[in-house]
Amino acid sequence: MRSLFTIVAVALTTMAVAVSSATAAPSLAAPPRTQGGAGTLLWEDQFNGYGGPDPSKWGFQTGRWGASSGEQQYYTNSWNNANQFNGSLNITARREYPPDRKRAPYNFTSARVVSMGKQSVTPPVRIEASIKMPSAQGLLPAFWTLGLQPGGEYSWPSQGEVDIVEIPGLYGPSFNLHGPSKWNSNQDVKTGGSMNPVNNGFHTYRIDWLPNSITWFVDGVARYSFTQAQYEAKGGNWKAFSGAWPHYILFNVAVGNNWTGKTLNSTPYPQTMSVDWLRVSRL
């Protein structure tokens, strides 16, 4: 069914016009569920619409988000870069003339689809999605959250960032936290883990997020876990991950990054990340 996407992408284009060293971690036991409402579905999206993402659940952050990190893309709200078709949300990075008319190496468009102002998450919570992620030199597709710190919704890293999964270039899935240090809210304290590359099909990426720990899963297998005590031992302030404020969800495909390096002229485009479904439930 998804093999029709190339044909439909052409149609949509006509109509409309996403440290510390990451180390592999062993499989871990899932954290215990808390009592009271465990398993309750809070919200979901099956992406069964046609056209743009459901505006009751999703919006866009447009422009040169990520430029300070060396990213090369301009994020748009065009169906060329983000659309629903065939039961998936499809986020496509393209090598093309961007709206701000910047030339190479910044001649890429993509989309950054966000639930900010629409839907939010607060621990204890399970967040999971089935995603087919591209892998190529210079790409950074991601499924992640950012904190809605009162009065500091754009104050990174103090707001807190949970990277549910990123695929950095040609490497395997990466799982990371970014938050402030105890002594300086502008200093990033990063921790994370990774695993070997997965095949290019759909995989279920998930976190079980409790007020004092987060565990990352791929296809139901726990791959990495980190606790409040461990983070504080690194000098981090856990408040952004404690439930003191909610987070919103993001899907995007970045092009180029100080972490992954610039994309190469030989890297083929377009590159698409497809999200089959998303579920958020109470732990």
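Preceding this section is the structure that the text describes.
Everything in this summary refers to the structure shown in the same document. (Residues numbered from 1 in each chain as written. Predicted model: local features only at pLDDT ≥ 70, side-chain atom pairs only at ≥ 80, totals over all residues. Heavy atoms only, no water.)

Turning next to the overall build of the chain. Summing up its helical and strand segments, the chain has two helices and 18 strands in all. Per-residue burial for the chain yields a buried fraction of 54% across its 283 residues. Of the roughly 12,100 Å² of accessible surface on the chain, a fraction of 51% belongs to carbon and sulfur atoms. (Helix = DSSP H or I, 4+ residues; strand = E, 2+ residues; numbered from the N terminus. Buried < 20%, exposed > 50% of the residue type's maximum accessible area, 1.4 Å probe, protein only. Areas by Shrake-Rupley, 256 points an atom, 1.4 Å probe, with all protein chains shown as cover.)

Inspection of the secondary structure puts Gln72 in the loop between strand E3 (59-60) and strand E4 (73-75). Exposure remark for Gln72: the relative accessible area of 1% places this residue in the buried category. Each C-alpha atom of the pair Gln72 and Lys262 lies 7.8 Å from the other, and the pair is 190 residues apart in sequence.

Glancing now at the nonpolar core. Residues Ile127, Phe143, Ile249, Phe251 and Leu278 are the most contacted members of the largest nonpolar core, which totals 47 residues. If we skip the residues at most four places from it in the chain, Leu278 touches Trp43, Glu44, Asp45, Phe47, Trp58, Ile127, Glu128, Ala129, Phe143, Ile249 and Phe251. Membership of the second largest hydrophobic core comes to seven residues, among which are Val114, Trp144, Leu148 and Tyr248. (Core = buried A, V, L, I, M, F, W, Y, C linked by side-chain atoms within 4.5 Å. Contact = heavy atoms within 4.5 Å.)

Under the definition given, this model contains four salt bridges. For Asp100, the salt bridge is made with Arg64, and the minimal N-O distance between the two is 2.7 Å. Here Asp100 is found in the loop between strand E6 (88-95) and strand E7 (108-110), whereas its partner Arg64 is found in the loop between E3 and E4, with 36 residues between them in sequence. A salt bridge links Arg126 to Asp208, with the shortest nitrogen-to-oxygen separation between them at 2.7 Å. Remark: Asp208 occurs in strand E14 (residues 203-210) and Arg126 occurs in strand E9 (residues 125-132); sequence separation between them is 82 residues. (Salt bridge = Lys/Arg side-chain N within 4 Å of Asp/Glu carboxyl O.)

Don't take any of this as a statement about function, it's just geometry.
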